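So the chains spell out like this:
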Amino acid sequence: MNIMDLYDDDDIDYMQQEDDWDRDMLLDPAWEKQQRKTFTAWCNSHLRKAGTQIENIEEDFRDGLKLMLLLEVISGERLAKPERGKMRVHKISNVNKALDFIASKGVKLISIGAEEIVDGNAKMTLGMIWTIILRFAIQDISVEETSAKEGLLLWCQRKTAPYKNVNIQNFHISWKDGLGFCALIHRHRPELIDYGKLRKDDPMTNLNTAFDVAEKYLDIPKMLDAEDIVGTARPDEKAIMTYVSSFYHAFSGAQKAETAANRICKVLAVNQENEQLMEDYEKLASDLLEWIRRTIPWLENRLPENTMQAMQQKLEDFRDYRRLHKPPKVQEKCQLEINFNTLQTKLRLSNRPAFMPSEGKMVSDINNAWGNLEGAEKGYEEWLLNEIRRLERLDHLAEKFRQKAAIHEAWTDGKEDMLQQRDYETASLSEIKALLKKHEAFESDLAAHQDRVEQIAAIAQELNELDYYDSPSVNARCQQICDQWDALGALTQKRSEALQRTEKLLETIDQLYLEFAKRAAPFNNWMEGAMEDLQDTFIVHTIEEIQGLSTAHEQFKATLPEADKERQAILGIHNEIAKIVQTYHVNMAGSNPYISINPQEVNAKWEKVRQLVPQRDQALIEEHARQQNNERLRRQFANQANVIGPWIQNKMEEIGRISIEMHGTLEDQLTHLRQYEKSIINYKPKIDQLEGDHQLIQEALIFDNKHTNYTMEHIRVGWEQLLTTIARTINEIENQILTRDAKGITQEQLNEFRASFNHFDRKRTGIMDAEDFKTCLISMGYNLGENEFSRIMSIVDPNRMGMVTFQAFLDFMSRETADTDTADQVMTSFKVLAGDKNYILADELRRELPPDQAEYCIARMAPYSGPDGVPGALDYMSFSTALYGESDL
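Remember, it's a predicted structure, so these values are computed and weren't measured experimentally.

Draft legend 1. Representation of the confidence of the model for the protein in the model. With 90% of its residues at a pLDDT of 70 or more, the protein has an overall mean of 81. Contacts for the low-pLDDT stretch residues 1-26, under 50 throughout, to residues beyond four places or in other chains number 70 contacts.

Draft legend 2. Spotlight on the packing of aromatic side chains. Evaluated as defined, the whole model comprises 27 aromatic pairs. Geometrically, the ring pair formed by tyrosine 243 and phenylalanine 247 is tilted, given 5.8 Å between the ring centres and 45° between the ring planes. Taken together, the residues span about one helical turn, with tyrosine 243 and phenylalanine 247 both in helix H12 (residues 237-300) at a distance of 4 residues. Accessibility assignment for this pair places tyrosine 243 and phenylalanine 247 in one class, buried.

Draft legend 3. Region of the structure containing helix H29 (residues 786-796). If you check which residues of H29 are buried, you get Phe789, Ile792, Met793 and Val796. Within H29, the buried residues cover an arc of 100° as seen down the axis, which keeps them to one side.

Draft legend 4. Local environment of the nonpolar core. The biggest cluster of nonpolar side chains holds 78 residues, and the ones touching the most others in it are Ile132, Phe181 and Phe247. The biggest single contributor to this core is helix H7 (residues 122-138), with 11 residues. Ignoring anything within four residues of it in the chain, the contact list for isoleucine 132 reads Trp42, Leu67, Leu71, Ile74, Ile102 and Ala137. Within the second largest apolar cluster, 48 residues are counted, among which are Phe637, Ile644, Ile733 and Phe789.

Draft legend 5. Quick peek at the packing of helix H8 (residues 148-160) against helix H9 (residues 179-188). H9 packs onto H8 with a crossing angle of 70° between their chain directions and a minimal axis gap of 9 Å. Judged on the interaxial angle alone, H9 and H8 are roughly perpendicular. The interaxial crossing formed by H8 with H9 has left-handed handedness. Mapping the contact onto sequence places Trp155, Cys156, Arg158, Lys159 and Thr160 in H8 and Gly180, Ala183, Leu184, Arg187 and His188 in H9. Of the residues contributing to the contact of H8 with H9, the split by class is 4 nonpolar, 3 polar and 3 charged.

Draft legend 6. Representation of the state of the cysteines in the model. For the coordinates displayed, the defined rule picks out 0 disulfides. Of the cysteine sulfurs around cysteine 478, a residue in no disulfide, the closest is that of cysteine 482, at 4.1 Å. The exposure class assigned to cysteine 478 is buried, which follows from its relative accessible area of 9%.

Draft legend 7. Broad picture of the side chain of arginine 716. In this fold, arginine 716 is placed in helix H26 (residues 712-743). On the accessibility criterion, arginine 716 (8% relative accessible area) is buried. Apart from the residues within four sequence positions on either side, arginine 716 is in contact with Arg322, Glu381, Glu691 and His694.

Draft legend 8. Layout of the pattern of salt bridges. Taken as a whole, this structure holds 54 salt bridges when the rule is applied. Its salt-bridge partner being arginine 36, residue glutamate 58 comes within 2.5 Å of it at the nearest N-O pair. Of this pair, glutamate 58 sits in helix H3 (residues 57-60) while arginine 36 sits in helix H2 (residues 29-47), placing them 22 residues apart in sequence. Judged by its relative accessible area of 26%, arginine 36 is partly exposed.

Cut-offs applied
- Residues numbered from 1 in each chain as written.
- Predicted model: local features only at pLDDT ≥ 70, side-chain atom pairs only at ≥ 80, totals over all residues.
- Heavy atoms only, no water.
- pLDDT = per-residue confidence, 0-100.
- Contact = heavy atoms within 4.5 Å.
- Phe/Tyr/Trp six-rings, centres within 6.5 Å; stacked < 30°, edge-to-face > 60°.
- Helix = DSSP H or I, 4+ residues; strand = E, 2+ residues; numbered from the N terminus.
- Buried < 20%, exposed > 50% of the residue type's maximum accessible area, 1.4 Å probe, protein only.
- Arc of directions from axis to C-beta.
- Core = buried A, V, L, I, M, F, W, Y, C linked by side-chain atoms within 4.5 Å.
- Axes fitted to C-alpha atoms, helices over the stretch in contact; angles between N-to-C directions.
- Parallel < 35°, antiparallel > 145°, perpendicular 65-115°, else oblique.
- Left-handed = near helix turned anticlockwise from the far one by under 90°.
- Nonpolar A, V, L, I, M, F, W, Y, C, P; charged D, E, K, R; others polar.
- Disulfide = S-S within 2.5 Å.
- Salt bridge = Lys/Arg side-chain N within 4 Å of Asp/Glu carboxyl O.

In structure tokens, the structure reads:
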């Protein structure tokens, strides 16, 4: 009879054997010996749990008692109460109860009855035990959708695949050299066997090693002897399968614990990484806010300095701030936002609550503080430049005040003493007339100097209005000049009245002296004014201004020939006076009574004017060259700025289009964006070159540039925005990759999400407002009420900005379709490690988890308070719930 006749067609799928039993119910003696030994050992491995065993497999099962006990042990179920009598009918009843129980488990026995077992039929008894082994030890084995024999064979192949000289293809000759058994043990317990020392040509040693180790350390009884396998051309397949199934069941429990531990490790690793990211964010945010807090008062300080050098040092400090100190902080701010977005993405992917930074350290708080910093910075440079212009203007005015005051003081020196003389009392008539004429000439000279005095007072007033630091000394000197001027006016009036009284008595007058005085005085004033103008300092900022000064100077030089004629005419009058005195022997007690200036002084001042003219020419030429150089610097800066400015704007627009109209896979898009970022960074030397040109312009005190509308501030802000925008765009793609990989989203799904988002992003800004998002959800089949839509908006827009980014949209859509770890799954994994207890011990955590993660759990788990607890018990249920934000950890 064929062994397969014992089962119906429904059970053939997992019990089909390669060979039939002999039709005359005979077994190969070697195989029968192996089956007896293997089946007996297998039965005893289970019967030992009930405190008994068998010695002879066909004899000890005849009364059915141990057979029923075996079935109760391996099934975990209670069978019908056995008959305790020793009569044949009692034995048959017990065996029938066992066979009925086997049939109740889906095994339909054919051509086998209780009588054969009671009669001690070895072949039937071995067949029945094999049926039990198949049903309870092999049938439930499942590996990758294969079960029973095929599943067990696949499990053996997978576990032994990495080992040399091991090729498991069946359950007979593939196990003869013993390396298969050794490989299974070494794969799960490598400390038990030194596999490297085993040899394929020494099967006895290999088999004995495997069987001894399995019996001693794995609680697998020795079911075969090495001689049974080595001495047989083809070992019995059923014996080998029974032995190997014991290895499978011995290691399956360890595999479940390993899977549970891996799940816990994964969850804890995510939690630890997220906590570290949160700590990094808090520290970086605190450092950045502290730097902003220290920097804003410095930028808001508008206390002016008294000197150009001090203000220029302030400007240099500000340039260092913009070049050296602020750019790293811009990068820190950008990195802070990137870290925050990455952390929130990881939290969403791991089904954790969103991260809420400490009070005052939200991204919005950082942005507000940064806005305050830029607000303070905005007017600081303009204030510095205005202060430098003011100080330059003040220095120029102060020098001009000193020059005019010195000239005036030199002119007024001795005038009070002269006006207080009483020489007219003893003078002759001619002398009186001369004194009167001289005084008239002095009055003319005094009136001519009125403009200079008014100019001095006006300059002093302007210095006061511009807060000149040395205003007290200027005011004191100006007041002294005005007081002296008032005194001169009073003295002049007094002397004039005295001379007029005397004039009636004295009528002689020297017309020639008077004529000389009348012509020499204004000419002298003209020469003094010319010398003053020629020595006057000037400040210009453009080519046009210096050209205007040069034109005025040329016009002045054109008047010199006429002035020289006037000088010669004045000297001719003096010569005529000398001729008359010499001719008529006029008594000349002194110099010209009408004017203090003499021909020698006229000639000296004229020579001085002639010397000052070429000096003025050289000063104008040098200033013209400086202005030409300034114009060159303006054009040099403008030529670069007019290229860089539009380039930055174009790149910003291109990034905007790329972020909306991305094509290809996310990796392709990320590669493209990084190449794009590299090309932008390679443009940095041109920005640095422009910074150098800007520094040359500021050092040259150039304050305007008509050749371009771009300032260095515009270029800096645009460059910083460009770097920030490309970094944020790359971060969005990286987060999309994280989301795709974590949620198992396909490229087609991602493209569909992007297409839906772009369709409803009507403004093409890369952001949907709330109404567009609602319309998008409705188009996708969502039935939205106000409460449901508010709930969804709280997920995609936790900061309540009224807008939805593509990353938030992608996170929401992925959450709608993906499956992630839950608190219940983690709780179940802990329960496996705890051996189905409601609590877990610290030693169990240390045994099953890596050291750092075991200590992490122990430090955070609360003591277990249930009635079935023991000292040191830990509550893993509340800990699992806290991992997902459902309570405080």
